[in-house]
Every structure is written in C-alpha cells, then in structure tokens.
Amino acid sequence: MTRRLLRGRILSFNREPVHADDTGSFTYIEDGGVLMSGGLIEAIGSYAEIARAAGEAEITDHRPHLLMPGFIDAHIHFPQTQVIASWGAQLMEWLNTYTFPEERRFADETHAQAMAAQFLDLLTAHGTTTAAAFCSVHKTSADALFSEAEARGMRMIAGKVLMDRNAPDGLLDTPQSGYDDTKALIKQWHGKGRALYAITPRFAITSTPEQLEAAGVLAAEHPDCYVQTHLSENREEIDLTRKLYAGARDYLDVYETQDLLGPRSLLGHAIHLDAREIDVLAETGSHPVFCPTSNLFLGSGLFDDGGLRARGIASGIATDVGAGTSYSMLQTLNEGYKILQLRNQSLDPLRAFHWITRGNAAVLGLEDRIGTLEAGTEADIVVLNARATPAMALRMERAESLREELFILQIMGDDRSIAETYVNGQPVKTRT
Ligand code: GUN
Ligand code: ZN
C-alpha cells in the first residue's frame with residue numbers, strides 16, 4: 001500500500017471556537033506532517049517526527065500552504081450545474097422557469113452520468129470533499145451520483161427528491177413509487193463504502209401529505225439515514241405552504257407531523273421562522289442550513305445565525321448551488337459574513353473555518369470520520385494558498401497572524417486558493 005506524506009502548515013479544530021481569539025479550539029503546527037495510507041490519516045504531528053516514522057512514503061511538500069480538512073457542503077443540488085446564474089427571479093418563479101425544466105434532463109442516464117463527473121470535479125476543484133446533495137426525482141440521477149462518488153472514493157450523502165405535485169410532467173413520482181425507489185436506493189447505497197443516504201422530500205409544496213407520510217415511514221424504517229428538505233426560504237413559498245396545509249400550525253409543523261425532524265434532519269434555509277418553530281428545532285435537535293449566496297441571489301432574506309445559536313441550535317452552512325452562486329465554501333463564508341453584518345452579527349474567521357470543516361461534520365454526525373485532521377480519520381484534505389491571486393498576495397504582505405490569513409481566505413478566496421485537494425488519500429485537483 002502506498003503511503004503518502006504531506007508537509008505543510010497544519011490547521012484542524014478540536015471544538016467550536018467560543019470567541020474570536022479562542023486559540024484553544026484548534027491545533028496548529030507550523031511545520032507539520034500528515035501521513036496517509038489506505039484512505040485514512042495514519043499519523044499527524046511535527047514533520048520531523050512523522051517523517052521518521054514514515055519509512056518509504058511518497059512525500060509532497062506543500063509549504064508554505066495551509067493543510068486543512070476537506071470542506072463539507074451541507075446542502076447542494078446535483079442537477080443544477082447548468083442552472084447556476086439564471087437571471088431575474090425569486091424562488092417559485094426561479095424553480096418553475098429554470099430549475100424544473102433542467103431537472104427533467106436527468107431522466108436520461110447518460111446525461112446524469114456525465115453531469116455527475118462534472119459535479120464532483122467542480123466540488124473537489126473548490127476544496128469540497130463531502131456534500132449533502134439533492135438529486136432529481138429520477139432514481140437514475142441518484143445512482144449516477146453515488147456511482148461516480150464511489151469510483152472516486154468520495155464520501156457522499158445524497159438522495160433522489162420526492163415530489164408528487166406542483167411540478168411539470170416528467171418530474172413527478174407518486175407516494176408509492178417514491179417510497180419504492182428510495183427503499184431500493186437505500187438498500188443499494190446506504191453504508192456502501194463512503195455513501196450515505198438522505199431521504200429527500202423536496203419541500204412541502206411539491207409533496208402531498210401522503211408523500212410526506214411515506215417519507216416519515218422511510219425515516220422510521222431507516223433511522224440512520226438523513227432527512228433533507230427545505231424550510232421557510234421565501235415569503236411566497238410560506239404563504240403557499242400555509243394554503244396547501246391549512247391544518248398545520250406553521251411551516252415546520254408540516255414536517256413535524258410526519259416525524260421528519262430530529263438530529264439527522266437538515267432543513268435548507270430556515271430564514272423566516274416563528275417562535276414555535278424555533279422551539280421545535282431546538283427540542284428535536286434538527287439542523288437549519290444557512291445558504292448565504294443563494295439567499296442573496298434569490299433575495300430570500302437574512303438568516304438569523306445568532307438567534308438560532310442562542311437557542312443551542314446547530315446550523316450547517318452550504319452553497320445551495322444552483323440558487324447558490326458559487327461552489328466555493330470560501331465564497332460561501334464571504335457572503336455569510338456580509339449577511340451577518342447586515343444583522344449586526346459576526347462571523348469571525350476561526351468560527352467560519354470551523355463551520356465548513358468540523359462544524360458541518362458535527363451537524364452530519366460524522367465528526368469522528370471527517371472534518372478534522374486526526375489519526376484514524378478519513379484522509380480528505382485541502383491545501384490552501386492565501387496568496388493565490390495578485391490582490392491576495394499584496395494583502396498578505398500586511399497579514400500578521402493566522403487569524404488574519406484565514407480572514408483573507410474567507411473574504412477573497414475561491415477555487416484559485418485551493419492548491420490541491422486530497423480525497424481518500426489521493427490528490428484529485430492537479431491530476432486533472
Ligand atoms: N426549494 C425547493 N426546491 C428548491 C431548490 O431547488 N432550490 C432552492 N433554493 N430552494 C428550493
Ligand atoms: Zn436547496
């Protein structure tokens with residue numbers, strides 16, 4: 001088995017930073033070594049110490065760059081690679097005009113396979129090594145994404161969307177066919193290699209109560225699968241949901257009634273929430289997912305990160321491509337910083353980089369496997385260059401601390417700052 005030894009500056013979080021200078025929350029090694037074998041991190045520490053133990057390992061010297069755990073995107077749409085940057089609409093019009101017509105193309109297996117390869121190339125080029133992805137309604141789209149991820153040894157959470165109303169022909173399942181296809185996909189993929197399944201009712205508007213009930217049955221039958229959906233993204237969406245579910249106390253109640261909430265539930269957006277909904281999120285341990293570039297692009301609203309955190313609710317952070325406008329978790333942090341500025345809240349760089357690594361891993365219940373650089377965890381690593389562009393290099397001349405370097409990456413970074421990405425111990429960026 002080839003062992004690979006990386007040299008560079010190493011940064012990994014041990015817990016969530018509780019203030020902007022919380023140096024106890026992370027491990028930083030100025031001249032560090034990471035030894036990888038069989039897709040795992042075998043050892044990590046000072047380069048001198050690790051090199052002594054490494055024997056014949058193949059060495060890559062990444063100095064002066066920063067080695068961090070691969071980024072995790074907690075909400076993204078695989079069939080929207082050719083929807084990103086579609087002009088001029090807010091959520092419901094955007095879905096009907098651009099997104100639904102595009103997703104119909106994923107009935108074609110060849111198209112789905114070609115897009116799966118492109119999608120994963122894009123993720124890793126931007127430093128993302130794990131994502132929670134929505135596929136199209138077609139079973140083939142989920143098969144295509146899981147197969148491509150498996151071929152690359154990539155940890156992937158995904159599910160075919162369940163949608164049985166309020167969408168065009170060619171994009172609808174039924175409560176029974178959605179249940180059967182999901183069941184078959186769970187059997188085929190969940191826990192196979194690095195694949196994990198997410199039961200994926202798209203949102204309240206595109207599912208009948210019967211379909212949400214079937215999703216609840218699936219969640220009860222497979223408690224170790226995730227549930228992912230959308231919640232309270234846009235005012236028009238909320239009004240329509242209230243009309244469609246006249247008996248519901250509020251939007252979240254639609255999911256609560258069908259037992260779709262809990263620590264494995266990921267709720268994209270969650271912007272416009274009532275007090276009761278926040279109580280229920282806290283009581284059930286469900287996870288809102290903040291999607292900054294998408295929320296700005298669609299004009300959806302400003303996520304109340306501070307309010308949810310004050311209630312002990314752990315949110316994820318994500319791109320939500322193709323309403324999101326970048327695959328980059330760095331650009332996601334940049335826009336997230338600005339949204340929180342508008343709310344008079346802050347997103348300091350330590351918390352930001354914790355969030356897109358160990359924080360999202362913890363939201364997914366995977367912090368013992370991904371999101372940190374520790375011996376025995378999976379070898380997904382990103383190599384960051386804070387001088388990737390002339391403007392960044394110039395700014396870096398004035399940077400006096402790690403914290404400042406991280407903030408420059410948070411605000412100015414994108415795929416150009418990703419010097420290399422390792423998935424399952426293998427370099428995947430410069431190879432292409
Ligand atoms: N709500 C339901 N479907 C979608 C989607 O594809 N993108 C976003 N941003 N919101 C949704
Ligand atoms: Zn979404």
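As a reminder, the structure under discussion sits directly above these lines.
Summarised in this report is the structure supplied together with it. Note that the structure is predicted; figures quoted are calculated from it, not measured.

Topic: the packing of aromatic side chains
Both the distance between ring centres and the angle between the ring planes are used here to describe each pair of aromatic rings.
Next, step 1: A complete count under the given rule lists 9 aromatic pairs for this structure.
Next, step 2: Here Phe 78 and Phe 119 contribute two aromatic rings whose centre-to-centre distance is 5.4 Å and whose plane-to-plane angle is 55°, an arrangement assigned as tilted. Taken together, the residues span a long stretch of sequence, with Phe 78 in the loop between strand E5 (71–77) and helix H2 (91–103) and Phe 119 in helix H3 (residues 109–125) at a distance of 41 residues.
Next, step 3: For Phe 119, a relative accessible area of 0% puts it in the buried group.
Next, step 4: Taking 6.1 Å as the distance between ring centres and 35° as the angle between the ring planes, the aromatic pair formed by Phe 146 and Tyr 197 counts as tilted. Remark: Tyr 197 occurs in strand E9 (residues 195–201) and Phe 146 occurs in helix H4 (residues 139–152); sequence separation between them is 51 residues. There is no split in this pair, since Phe 146 and Tyr 197 are both buried.

Overview of the pattern of salt bridges
Next, step 1: Within the structure shown, the criterion is met by 32 salt bridges.
Next, step 2: Across the pair Glu 405 and Arg 9 runs a salt bridge whose closest N-O atoms are separated by 2.5 Å. In this pair, Glu 405 is assigned in helix H15 (residues 402–412) and Arg 9 in strand E1 (residues 4–13), connecting sequence segments 396 residues apart. Accessibility assignment for this pair places Glu 405 and Arg 9 in one class, buried.
Next, step 3: The salt bridge involving Asp 304 is made with Arg 343; its shortest N-O contact spans 4.0 Å. Separated by 39 residues along the polypeptide, Asp 304 in the loop between helix H10 (292–297) and helix H11 (305–310) and Arg 343 in the loop between helix H12 (329–342) and helix H13 (349–363) bring together distant segments of the chain.
Next, step 4: Classification of Asp 304 as partly exposed rests on a relative accessible area of 24%.
Next, step 5: With a relative accessible area of 34%, Arg 343 lands in the partly exposed category.

Let's talk about a nonpolar patch on the surface
Next, step 1: Residues Leu 296, Leu 302 and Leu 342 make up a contiguous nonpolar surface patch of about 260 Å² in total accessible area.
Next, step 2: Along the chain, the position of Leu 342 falls in helix H12.

A word on the packing of H4 against helix H5 (residues 175–189)
Next, step 1: Contact geometry of H4 with H5 gives a least axis separation of 10 Å together with a crossing angle of 10°. Judged by the angle between their axes, H4 and H5 are roughly parallel. Here H4 and H5 pass one another in a crossing that is right-handed. Contact with H4, carried on its side by Lys 139, Ala 142, Asp 143, Phe 146, Ser 147 and Glu 150, involves Asp 181, Ala 184, Leu 185, Gln 188 and Trp 189 of H5 and no other residues of that element.
Next, step 2: Taken together, the residues that form the contact of H4 with H5 break down as 5 nonpolar, 2 polar and 4 charged.

Points about the sheet that holds E1
Next, step 1: The sheet built from 7 strands is open, its strands ordered E3-E2-E1-E4-E14-E15-E16 with mixed pairing. In this open sheet, the two strands that pair with only one neighbour each are strand E3 (40–46) and strand E16 (426–427).
Next, step 2: Note: E1 against strand E2 (residues 26–37), 9 bridges, orientation antiparallel. Across the sheet, residue Phe 13 finds its bridge partner in E2, namely Phe 26.

Looking at the packing of H3 against H4
Next, step 1: Following both chains from N to C, one finds H3 and H4 inclined at 45°, their axes separated by 8 Å at the closest point. On the basis of the axis angle, H3 is oblique to H4. In this structure, H3 meets H4 at a crossing whose hand is right-handed. For the pair H3 and H4, the contacting residues are Glu 109, Ala 112, Gln 113, Ala 116, Ala 117, Phe 119, Leu 120 and Asp 121 in the first and Thr 140, Ser 141, Ala 144, Leu 145, Glu 148, Ala 149 and Arg 152 in the second.
Next, step 2: Here the residues of the contact of H3 with H4 are counted per class, giving 8 nonpolar, 3 polar and 4 charged.

Comments concerning helix H6 (residues 209–221)
Next, step 1: Here H6 spans 18 Å end to end across 13 residues, near enough to the 18 Å set by a 1.5 Å rise per residue.
Next, step 2: The set of residues buried in H6 consists of Gln 211, Leu 212, Ala 214, Ala 215, Gly 216, Leu 218 and Ala 219.

Let's talk about the coordination of the zinc ion (ligand 2)
Next, step 1: The protein atoms that coordinate the zinc ion (ligand 2) are His 75 (NE2), His 77 (NE2), His 230 (NE2) and Asp 320 (OD), at distances of 2.1 to 2.3 Å.
Next, step 2: Classification of the site at the zinc ion (ligand 2) rests on its 4 donor atoms, whose angles at the metal span 92 to 165°, yielding the label irregular.

What to know about the site of ligand 1
Next, step 1: Residues in contact with ligand 1 amount to 13 residues; listed here are only the nearest, His 77, Gln 80, Arg 202, Glu 233 and Asp 320.
Next, step 2: Contact distances for ligand 1 include 2.7 Å between an oxygen atom and a side-chain N or O atom of Arg 202.
Next, step 3: Interatomic distance of 2.8 Å between a side-chain N/O atom of Glu 233 and a nitrogen atom of ligand 1.
Next, step 4: Within the complex, 100% of the 280 Å² of free accessible area of ligand 1 lies under protein.
Next, step 5: When residues in the shell around ligand 1 are grouped by element, the largest group, 3 residues, is from H2.
Next, step 6: Of the residues belonging to the shell around ligand 1, the class tally is 5 nonpolar, 5 polar and 3 charged.

As for unusual backbone geometry
Next, step 1: A cis amide bond links Arg 63 to the next residue, Pro 64, at an omega of 5°.
Next, step 2: Locating Pro 64 in the fold gives a position in strand E4 (residues 58–69).
Next, step 3: In this chain, Val 321 is followed by Gly 322 through a cis amide linkage whose omega measures 5°.
Next, step 4: Along the chain, Gly 322 falls in the loop between strand E13 (316–317) and H12.
Next, step 5: For Asn 344, which is not a glycine, the phi torsion comes out positive at approximately 60°.
Next, step 6: With respect to the helices and strands, the residue Asn 344 is situated in the loop between H12 and H13.

About the cut-offs
Residues numbered from 1 in each chain as written. Chains lettered and ligands numbered in written order. Predicted model: local features only at pLDDT ≥ 70, side-chain atom pairs only at ≥ 80, totals over all residues. Heavy atoms only, no water. Phe/Tyr/Trp six-rings, centres within 6.5 Å; stacked < 30°, edge-to-face > 60°. Helix = DSSP H or I, 4+ residues; strand = E, 2+ residues; numbered from the N terminus. Buried < 20%, exposed > 50% of the residue type's maximum accessible area, 1.4 Å probe, protein only. Salt bridge = Lys/Arg side-chain N within 4 Å of Asp/Glu carboxyl O. Patch = residues over 30% accessible without salt bridge, like charges linked within 9 Å, V, L, I, M, F, W, Y side chains within 5 Å. Areas by Shrake-Rupley, 256 points an atom, 1.4 Å probe, with all protein chains shown as cover. Axes fitted to C-alpha atoms, helices over the stretch in contact; angles between N-to-C directions. Parallel < 35°, antiparallel > 145°, perpendicular 65-115°, else oblique. Left-handed = near helix turned anticlockwise from the far one by under 90°. Contact = heavy atoms within 4.5 Å. Nonpolar A, V, L, I, M, F, W, Y, C, P; charged D, E, K, R; others polar. Pairing = 2+ DSSP bridges. Expected span 1.5 Å × (residues − 1). Donors = N, O, S within 2.8 Å, 3.2 Å for Na, K, Ca; no water. Tetrahedral: all angles 85-135°; square planar, octahedral: opposite > 155°, others 65-115°. Near = heavy atom within 4 Å. Polar contact = N/O pair within 3.5 Å; in protein donor to acceptor, adjacent residues only side chain to side chain.

Worth remembering: the numbers are spatial, not functional.
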